[in-house]
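Summary of structural features
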Amino acid sequence: DFRPSLTNYYTVAYHTSRNTSRIALPSHLDYAGVLYNFGAFQHEVKRNLSVAKQLYSLSLQYNPNSTATLNNMGSVLAVQKEYENADAMYKRATMLDPYDAVTWHNYGVLAIERGRLDKATEYFNRVLKIDPFHIPTCLTYGRMLLETKCDLDGAERMCKRVLRRNPGQVH
């Protein structure tokens, strides 16, 4: 979900030998952050995937190792059914940050879309090792177990995990 970080809203001075005007210019990472946030706005709020894709692509030119941007670009590509390209984005993101639960979750959803349930299971289990109560994964994995394998016990276990996330609540 769209949660801009405060650091992306501060201006950072960036000076080169050609900048003699003493005007603070944004760094490449600052510019990449602006493009990422505007892409996320287009993606999540406006649902304009073609513009989001262009903005994420530009952002990656300035910061090619942004796992958040790679993840979001993968999501756009997956929705547009560009599965090979989405796979490449998720693979790159997970190589850069193997502990990013959101990217592993999205990689699992892509695997379901492609009919690769064994890979989806592997990716969802990775998420649950990183965050045992990751709600989107518990719900998606549970639904996958129920609808593709008729595994009522597995689906129930996933639902109970979600409930254990807030142990003070009645379940």
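Everything numeric in this text was worked out from a predicted model, so none of it was measured. (Residues numbered from 1 in each chain as written. Predicted model: local features only at pLDDT ≥ 70, side-chain atom pairs only at ≥ 80, totals over all residues. Heavy atoms only, no water.)

1. Description of the packing of aromatic side chains
For clarity, the cut-off: Within 6.5 Å between ring centres, the rings of Phe, Tyr and Trp (the latter by its six-membered ring) count as paired, and their orientation is classed by plane angle as stacked under 30 degrees, edge-to-face over 60, tilted in between.
Under the criterion given, the structure shown has eight aromatic pairs. An aromatic cluster of three or more residues is present, and its members are Tyr90, Trp104, Tyr107 and Tyr123.

2. Digging into the state of the cysteines
For the record, the criterion: Here, two cysteine sulfur atoms that lie within 2.5 Å of each other are counted as a disulfide.
In this structure the tally under the stated criterion is zero disulfides. Cysteine Cys138 remains unbridged, with the sulfur of Cys159 as its closest cysteine sulfur at 8.7 Å.

3. Comments concerning the packing of helix H1 (residues 28–46) against helix H2 (residues 49–62)
Where we set the bar: Axis angles are defined between N-to-C directions and span 0 to 180 degrees, where every axis is a line fitted to C-alpha atoms and, for a helix, only to the segment in contact. For helices the rule is a DSSP run of H or I covering at least 4 residues; for strands it is a run of E covering at least 2, with both sets numbered from the N terminus onward. When describing relative orientation, an angle under 35 degrees is termed roughly parallel and one over 145 degrees roughly antiparallel, while 65 to 115 degrees is termed roughly perpendicular and anything else oblique. Take the far helix as your reference; a near helix turned counterclockwise from it by less than a right angle gives a left-handed crossing, and one turned clockwise gives a right-handed crossing. By the convention used here, residues are in contact when the closest approach between their heavy atoms is within 4.5 Å. Only Asp, Glu, Lys and Arg are considered charged in this grouping, and only Ala, Val, Leu, Ile, Met, Phe, Trp, Tyr, Cys and Pro are considered nonpolar; every other residue, Gly among them, is considered polar.
Here H1 crosses H2 at 165°, and the two axes come no closer than 8 Å. Taken together, the axis directions place H1 and H2 in an arrangement best described as roughly antiparallel. Once H1 is placed against H2, the crossing between them reads as left-handed. For the pair H1 and H2, the contacting residues are His28, Tyr31, Ala32, Leu35, Tyr36, Phe38, Gly39, Ala40, Gln42 and His43 in the first and Leu49, Val51, Ala52, Leu55, Tyr56, Leu58, Ser59 and Tyr62 in the second. Taken together, the residues that form the contact of H1 with H2 break down as 13 nonpolar, five polar and no charged.

4. A short note on helix H3 (residues 67–79)
Which entries qualify depends on this criterion: Expected helix span is computed as 1.5 Å times (number of residues minus one). We call a residue buried when its accessible area falls under 20% of the maximum for its residue type, exposed when it is over 50%, and partly exposed in between, using a 1.4 Å probe and counting protein chains only.
Between its terminal C-alpha atoms H3 stretches 18 Å, which fits the 18 Å expected from 13 residues at 1.5 Å a residue. Within H3, eleven of the 13 residues are buried, which leaves the element mostly enclosed by the surrounding structure. Three or more residues of H3 are buried, namely Thr67, Thr69, Leu70, Asn71, Asn72, Met73, Gly74, Ser75, Val76, Leu77 and Ala78. Against the buried residues of H3 lie H1, H2, helix H4 (83–96) and helix H5 (101–113). Where H3 terminates, the next one or two residues include Lys81, which has phi positive at roughly 60°.

5. Concerning the confidence of the model for the chain
Condition: For every residue, the predictor reports its confidence as pLDDT, a number between 0 and 100.
In this model, the chain carries an average pLDDT of 85, and 82% of its residues clear a pLDDT of 70 or more. Taking the mean pLDDT of every element in the chain, the minimum, 88, falls on H1 and the maximum, 98, on H4. Here residues 1–19 scores under 50 on pLDDT; set against residues more than four positions off or in separate chains, the count is 25 contacts.

6. Regarding the side chain of Thr94
The criterion, for reference: Definition of a polar contact: a pair of N or O atoms within 3.5 Å, with one able to donate and the other able to accept a hydrogen when the atoms are protein atoms, and with sequence-neighbouring residues admitted only if both atoms are side-chain atoms.
In this structure, Thr94 sits in helix H4. Judged by its relative accessible area of 7%, Thr94 falls in the buried class. Here Lys91 takes part through its backbone oxygen, which lies 3.0 Å from a polar atom of the side chain of Thr94. In this structure Thr94 touches Thr103, Trp104 and Tyr107, once residues within four positions along its chain are discounted.

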